[in-house]
Structures are given as C-alpha cells and as structure tokens.
Amino acid sequence: MRYVVTGAAGFIGSQLGEALAAAGHGVVGVDCFTDSYDPAEKERNAAALDVSRIDLAEEPLDLDGVDGVFHLAAQAGVRSFGDVFPLYVRRNVLATQRVLEAAAAAGVRVVLASSSSIYGEAEAYPTPEDAEPRPISPYGITKLACEHLARAYAVGFGLDAVVLRYFTVYGPRQRPDMFFRRVCEALLAGTTFEIYGSGGQSRSFTYVGDAVEATVTAMERAPAGAVYNVGGGEEASMLEAIALLERISGRSLDTRRIDAARGDVARTKADVSRIRDALGWEPRTSLDDGLSAMWSWASGKVAAA
Ligand SMILES: NC(=O)c1ccc[n+]([C@@H]2O[C@H](COP(=O)([O-])OP(=O)(O)OC[C@H]3O[C@@H](n4cnc5c(N)ncnc54)[C@H](O)[C@@H]3O)[C@@H](O)[C@H]2O)c1
C-alpha cells in the first residue's frame, strides 16, 4: 500500500512512518517543520523518511495513487490559551479541513489523530467514546472541531474517516513540552523540575509503539466512521511516574510546585473496550518498560551530544 503520513517529522508521525515502511508499505511523509519546537529535532525525527515540505493549511495535497492518509499533523499541547490560539486554528482546524477535502475528492480513507483532550474533565472514568465531549482547552476544542469536520465530510461527501483519540503518548522522541520528556531532561541535567499543581493529576499513559500499532490496525481494519480511544492500560499520577523514572534512572529529582496549568485536566483514563472488541488492539507495553525505553533514548541523546 501507499500511504501519506502528515506530521511525519513529529514524535508519533515519524515512528508511524518508519513502522509502515518496515512493513513494506510506500510512505509519503508530509510536514512543514513548524517551530512548535526546534525544527532541527524534527529533521532528526524524519531522517529515515522521505518528507515533502507542505504546509497543509495553504498548499495542495496530492493524493494521486495513494491508498490512505494518516493525518497526524497538528499544533499539539494543551497550553493553548492566549496569543497562540490562531496557530491552533490554522494548524488543526484549517489544515484538517483541507486534508479532508482532498481525501474526499480522491476517495481515500483518512485516519485522524484526535485526543483525549476532547473529553475535558470527563463525565466517567474509565471514559468510553460516547461520553459527552466537553474540552477545557482551546487545543481540545480544535481537535473536537476536526472530528466534527470529518463527520461532516463523511455525511456530505461519503468520506471514509476513522478517528483515534490518543491518550498522553510517551516514549522515544516525545515532544519537548511533554511531561516525561521534561522529567528526563531535568534528571539528566540535575535541574529543578516544576510540577504543575499538586502532582496528583493522573493519566492513561500510552507507549508510542502501542499507539502506532493501533493506528496501523485502524487504517487496515476499522469500519468507516469508527471512533476509538487509544489509551495505555496503567493509570499513574505525575508523582508516581516521577518515582518510577527516579528508580529507572537511579537519580533523584529536585522538584518545585507551581500553579496548575489552565486547560490541564485532573485525570484521564481510557476505556479501550471498543477498539479491543472491534480490532483486537490493546496496550501491551507496561509503564515500567515504556519508561525504561524512554530513559535509554533520552540519556543516549545527552551522551551523544
Ligand atoms: N503526543 C500525544 O500525547 C498526543 C495525544 C493526543 C493526540 N495527539 C495528536 O497526535 C498527533 C501527533 O502528535 P505529536 O505529539 O507527534 O506532535 P508533533 O508536534 O511532534 O508532530 C506534529 C507535526 O505536525 C507538523 N505540522 C503542524 N502543522 C502543520 C501543517 N500546517 N502542515 C504540515 N505539517 C504540520 C509539525 O511540524 C509537527 O512535526 C497530533 O495530531 C496530536 O494532536 C498527540
């Protein structure tokens, strides 16, 4: 098969592209190397892939001869109030609308990367897909808008779209703004780590390899219109996760509490029974194993520098 992966220079997209190529598929990467974090890091992520520099918010996407689009390109991260909001609208809502338009015209399936952020403070834990979406961050609102756009293109133009709601993905190449990445870097540098709020916030942390596997399986086997949670099996609080990383690294983290970040929810916990029943996918990597892999990557990067 020949697949387009948007966001192919990013954390998840680069590893998805590599997995698809390893499975023998043709991969056309698309990314415009935004400055959401150091573009040089994105260049390194994409080193093994062929990536076209296309800004999806304004340039055309050629889907001739393509069997499916994995749409992961986005402005990610819940700290999305204030001046940065136009970037979220452009890179999420506008870019996604243009990808959906192109895919509908070409009759090509889209697997859309959405987020647990669409649930906000969820009405139930573990959270099933039919919980009422009530995002509390502008980011979550743009991701929910993308989901609604996919449905509108399905109804209006027969677009074949599948939505995946990822829950806090971690592992090698994690974005520098994300929690585990910042903890690893503080442990390596011996600097003080700022914990937002009490540290009691908890997440269904999802290992990147498991998320990639769910994403490929969804492209291959999900029914059109399906919406699935993709979440790790073990829930952990920030403080528990720090303790685990301290044990893995053999170092201790100096911490300082700062105000809770607006838009950050207190808890996420995925109900993954729908994707397990429909596609046979479930998370396989324990938090211990996943964090060990992440620590090896982060410490190896520092050693190489
Ligand atoms: N990492 C997580 O925990 C997580 C959780 C939930 C959902 N998601 C979603 O998964 C996807 C991938 O996330 P990630 O963590 O790998 O993020 P990332 O920032 O590492 O990757 C996104 C990539 O999209 C590219 N991009 C942004 N706007 C673009 C545009 N207009 N045209 C072309 N390329 C553009 C960026 O340059 C970047 O390389 C995103 O859609 C994100 O919203 C991620």
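All residue numbers refer to position in the chain's written sequence, counted from 1. It should be noted that, the model being predicted, local features are given only for residues of pLDDT at least 70 and side-chain atom pairs only at 80 or more, the latter also being counted only at that level, while totals for whole chains, interfaces and linings use all residues. Remark: hydrogens and water are excluded; side-chain values derive from all non-hydrogen atoms of the structure.

K.L.:
In this structure, what is going on with the side chain of H71? I would like to understand it.
P.N.:
Assignment of secondary structure puts H71 in strand β4 (residues 68-71). Any residue under 20% of the maximum accessible area for its type is buried, any over 50% is exposed, and the rest in between are partly exposed; the area is computed with a 1.4 Å probe on protein chains only. Assessed through its relative accessible area of 1%, H71 is described here as buried. Here T96 takes part through its side chain, which lies 2.9 Å from a polar atom of the side chain of H71. Setting aside chain neighbours within four positions, we find H71 in contact with T6, L56, T96, V99, V110, V111, L112 and A113. Put simply, DSSP H or I for four residues or longer makes a helix, DSSP E for two residues or longer makes a strand, and each gets a number counted from the N terminus. We define a polar contact as two N or O atoms separated by no more than 3.5 Å, with the added condition that, inside protein, one atom must be a possible hydrogen donor and the other a possible acceptor, whereas residues neighbouring each other in sequence contribute only through side-chain atom pairs. Note on contacts: a residue pair qualifies if any of its non-hydrogen atoms lie within 4.5 Å across the two residues.

K.L.:
Looking at this model, I keep getting lost on the nonpolar core. Mind explaining?
P.N.:
Nonpolar side chains tend toward joint burial in soluble globular proteins. Residues enter a nonpolar core if they are buried and are Ala, Val, Leu, Ile, Met, Phe, Trp, Tyr or Cys, with the set joined through side-chain atoms within 4.5 Å. Membership of the largest hydrophobic core comes to 68 residues, with the highest contact counts inside it found for F70, Y166, F179, F180 and F205. Setting aside anything within four residues of it in sequence, one finds F205 in contact with F167, T168, Y170, F179, F180, G232, E234, A236, M238, A241 and L287. Membership of the second largest hydrophobic core comes to 26 residues, among which are L56, A57, L63 and V108.

K.L.:
Looking at this structure, I do not really get the packing of helix α3 (residues 85-106) against helix α4 (residues 138-157). What am I missing?
P.N.:
The relative placement of two packed helices is expressed as an angle between their axes plus a distance between the axes. Each axis is a line fitted through C-alpha atoms, and for a helix only the stretch in contact is used; angles between axes span 0 to 180 degrees, taken between their N-to-C directions. Closest axis-to-axis distance for the α3/α4 pair is 10 Å, and the angle between their directions is 15°. With respect to α4, the element α3 is oriented roughly parallel. Taken as a pair, α3 and α4 cross one another with a handedness that is right-handed. From α3, F85, Y88, V89, N92, V93, T96, Q97, L100, E101 and A104 reach across to α4, where they touch P138, Y139, T142, K143, A145, C146, L149, A150, Y153 and F157. Here the angle decides the label: under 35 degrees means roughly parallel, over 145 means roughly antiparallel, 65 to 115 means roughly perpendicular, and every other value means oblique. Less than a right angle of anticlockwise turn of the near helix away from the far helix marks a crossing as left-handed, whereas a clockwise turn marks it as right-handed.

K.L.:
Even after reading the chapter, I still don't get empty space enclosed by the protein, so can you show me in this structure?
P.N.:
In this approach, a probe sized like a water molecule rolls over the atoms, and the result shows the empty space that is left. Each cavity reported here is a set of points on a 1 Å grid over the protein atoms alone in which a 1.4 Å probe fits but cannot get out, each pocket an open set with protein on both sides within 12 Å along at least five of seven lines, and each lining residue one with an atom within 4 Å of a point. Grid points are joined across faces, edges and corners, and a volume is the space filled by probe spheres set on the points. Evaluated as defined, the whole model comprises one cavity of 30 Å³ or more. Each pocket or cavity is described by its volume, and for the largest cavity that value is around 30 Å³. S116, Y119, G120, A122, T127, F167, R267, T268 and K269 together form the lining of the largest cavity. Here the residues of the lining of the largest cavity sort into three nonpolar, four polar and two charged. Residues are grouped as follows: nonpolar covers Ala, Val, Leu, Ile, Met, Phe, Trp, Tyr, Cys and Pro; charged covers Asp, Glu, Lys and Arg; every other residue, Gly included, is treated as polar.

K.L.:
Is there a simple way to think about the site of the ligand in this case?
P.N.:
Near the ligand lie 30 residues; those nearest to it are D31, Y37, Y139, V169 and R175. Backbone polar atom of I12 to an oxygen atom of the ligand: 2.9 Å apart, as the coordinates give it. Taking D31, its side chain carries an N or O atom lying 2.7 Å from an oxygen atom of the ligand. Look at the ligand: alone it shows 830 Å² of surface, and the protein chains cover 98% of it. Of all the elements in the fold, those that place two or more residues in the shell around the ligand are α1 (11-22), β5 (109-115) and α4. Looking at the shell around the ligand, the element that brings in the most residues is β5, giving three residues. Class assignment for the residues of the shell around the ligand results in 18 nonpolar, six polar and six charged. Only heavy atoms are used to decide nearness, and a residue is near a molecule or strand if one of them lies within 4 Å of it. Residue burial considers only the protein chains on display, and all accessible areas are found by Shrake-Rupley using a 1.4 Å probe.

K.L.:
How should I be thinking about the pattern of salt bridges in this particular structure?
P.N.:
Between side chains of opposite charge, a pair can form as their charged atoms come close. For salt bridges, the criterion is a side-chain nitrogen of Lys or Arg within 4 Å of an Asp or Glu carboxyl oxygen. The final tally for this structure, using the stated rule, is 18 salt bridges. With a shortest N-O distance of 3.0 Å, D264 and R79 are connected by a salt bridge. With a gap of 185 residues between them, D264 in the loop between β13 (255-258) and α8 (273-279) and R79 in the loop between β4 and α3 connect regions that are remote in the sequence. The exposure class of R79 is partly exposed, given its relative accessible area of 38%. A salt bridge links E213 to R284, with the nearest nitrogen and oxygen atoms 2.4 Å apart. Of this pair, E213 sits in helix α6 (residues 208-221) while R284 sits in the loop between α8 and α9 (287-304), placing them 71 residues apart in sequence. The exposure class assigned to R284 is exposed, which follows from its relative accessible area of 63%.

K.L.:
Before we go on, may I ask you to explain the environment of V272 in this structure?
P.N.:
Within the element layout of this structure, V272 appears in the loop between β13 and α8. For V272, a relative accessible area of 11% corresponds to the buried category. Between the C-alpha atom of V272 and that of G232, which follows or precedes it by 40 residues, the distance is 8.6 Å.

K.L.:
I'm lost on the side chain of S249 in this one. Help?
P.N.:
By secondary structure assignment, the location of S249 is in helix α7 (residues 238-249). Given the relative accessible area of 14%, S249 is considered buried. At 3.2 Å, the side chain of S249 and the backbone nitrogen of R251 are in polar contact. Those residues in contact with S249 that lie beyond four places of it in its chain are L187 and W295.

K.L.:
Any chance you could explain the pairing of β4 here in plain terms?
P.N.:
Successive residues of a regular strand alternate their side chains across the two faces of the sheet. Where burial is concerned, the two faces of β4 agree: the one with G68 and F70 and the one with V69 and H71 are both buried. By definition, two strands form a pair when at least two bridges between them are found by DSSP. Strand direction decides the pairing type here: strand β1 (residues 2-6) and β4, joined by four bridges, are parallel. Across the sheet, the residue bridging to V4 is V69, located in β4. Here the term right-handed applies to a crossover when the path leading from its first strand over the helix to its second strand runs clockwise, the strands being oriented away from the viewer. Tracing the backbone out of β4, into α3 and back to the parallel element β5 gives a crossover that is right-handed.

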